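Coordinate inspection notes
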Amino acid sequence: MVDKEVLSEGELEALMGSVSDEAAAGQNAAATRHCASFDFSTREQTLLVQMPVLKTLTEKQAMSFAQGLQSLFKAPVEVQVADIRPMKQEEALLSMPELAGITQIKTAPLNGTSLVVVSGDALSFFVNQYFGGWTGGGGHKSNRANLTPTERRINDLVVGRFLSALTEGWQEKISLSGEVCGFETNPDFIQPLAAGELLLKFPFVIKLFDWEGIIDWFIPYAAIEPLKNRLGNPAAGQTSKTDVPGWEDFFRRELLSVELEVSGVFTSKNMSLSDVMQLRKGAVIPLAAPTAVTLCIEGAPFCVGEHGAMSGRKSIKIKQVLKHDN
């Protein structure tokens, strides 16, 4: 080994000094750099803005739902739709009450399973109201671990009114048919709809006397997104069709300048493979004199005509255009 130092003491000090300066500069840059928050639901919120009819349909559903609850409880009921917002499935499950009537429904023809969530406190109030009991304000709370059989029955009645209102409110745009496919009382026992799936939360605010509660409807976002065209603004769609030039005119104009290969087949002859194998240099294949010529476009037969000459050039006079299946 060579005993000579690779770097001198002065060079080492200069190198360490430059490293310290770069570290300090990096710290100063990090201190002045600002992080901008990013909302991962921006795309979904934008699409909700593009579906203004969705709000109108849910408002009609709320009106029909209010009428159904009035006939059920024989009392004036007001139902309003709060802000519709997307949320992750995990967040949605955490937002549900620990004790609630969670009804799983399928709304054909929409894909996936949606959830109608009625809190245990709301069901307790509905039971009292149904049997003419306590009608006090919003301070009514209960600490229980399970729903009573009567609350289960009332939950079925309320969900039945909800499904009827859903069908009536949405029939203008799409014919929905709701079917109950499961029931749970604890959000922890809900079977995950799909890993990481995004849900839309429709909060229906119920007001009955001095009491106020919320019934939530959670539906997979993927089930609503295919309806974007139906739930969009019709006026905006008409404007885009009339004001913005479409691709059809562009392609029609550009296709006129596309070059195609045109060829004429004077005659043809079928030969067996054994005859082809016997062909040698100088062999003669007898062909009948052609009476018609097949004109081909890009190798595909297009029409039949007679060969001749025009203005000193070989030409084909078209007699028949062949029909082609689309």
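**Side note on the overall build of the protein chain**
For the protein chain, the count of helices and strands is 10 helices and 11 strands. Relative to its 326 residues, the protein chain shows a buried fraction of 31%. Across the protein chain, contacts joining residues at least 24 apart in sequence account for 64% of those joining residues at least 6 apart.

**With respect to the pattern of salt bridges**
Under the definition given, this model contains 3 salt bridges. For Glu248, the salt bridge is made with Arg252, and the minimal N-O distance between the two is 3.2 Å. Of this pair, Glu248 and Arg252 both sit in helix α9 (residues 247-255), 4 residues apart, roughly one helical turn. Each member of the pair Glu248 and Arg252 is classed as exposed.

**Describing the pairing of strand β4 (residues 113-119)**
Where burial is concerned, most of β4 is hidden: 7 out of the 7 residues are buried. Residues Thr113, Leu115, Val117 and Ser119 of β4 are buried on one face, and the alternating residues Ser114, Val116 and Val118, pointing to the opposite face, are buried as well. By the bridge criterion, 7 bridges tie strand β3 (residues 100-108) to β4 in an arrangement that is antiparallel. Paired with Gln104 across the two strands is Leu115, which belongs to β4.

**Quick look at the sheet that holds strand β8 (residues 262-265)**
Pairing is antiparallel in the open sheet, where 4 strands are placed in the order β8-β9-β10-β11. Each edge of the open sheet carries a strand with a single partner, namely β8 and β11 (313-321). Going from strand to strand, the sheet's axes swing by 45° on average, the running direction of each strand aside. Where strand β10 (residues 300-310) lies against β11, 8 bridges are found, and the strand directions are antiparallel. Bridge assignment links Gly308 to a residue of β11, and that residue is Ser315.

**Considerations on unusual backbone geometry**
Cis geometry is adopted by the peptide bond preceding Pro109, which originates at Ala108 and carries an omega value of 5°. With respect to the helices, strands and loops of the structure, Pro109 is situated in the loop between β3 and β4. For Phe209, which is not a glycine, the phi torsion comes out positive at approximately 55°. Along the chain, Phe209 falls in the loop between β6 (198-208) and β7 (211-220). On the basis of relative accessibility, which here comes to 49%, the residue Phe209 falls in the partly exposed class.

Reading guide: rules and limits
Residues numbered from 1 in each chain as written. Predicted model: local features only at pLDDT ≥ 70, side-chain atom pairs only at ≥ 80, totals over all residues. Heavy atoms only, no water. Helix = DSSP H or I, 4+ residues; strand = E, 2+ residues; numbered from the N terminus. Buried < 20%, exposed > 50% of the residue type's maximum accessible area, 1.4 Å probe, protein only. Contact = heavy atoms within 4.5 Å. Salt bridge = Lys/Arg side-chain N within 4 Å of Asp/Glu carboxyl O. Pairing = 2+ DSSP bridges. Axes fitted to C-alpha atoms, helices over the stretch in contact; angles between N-to-C directions.

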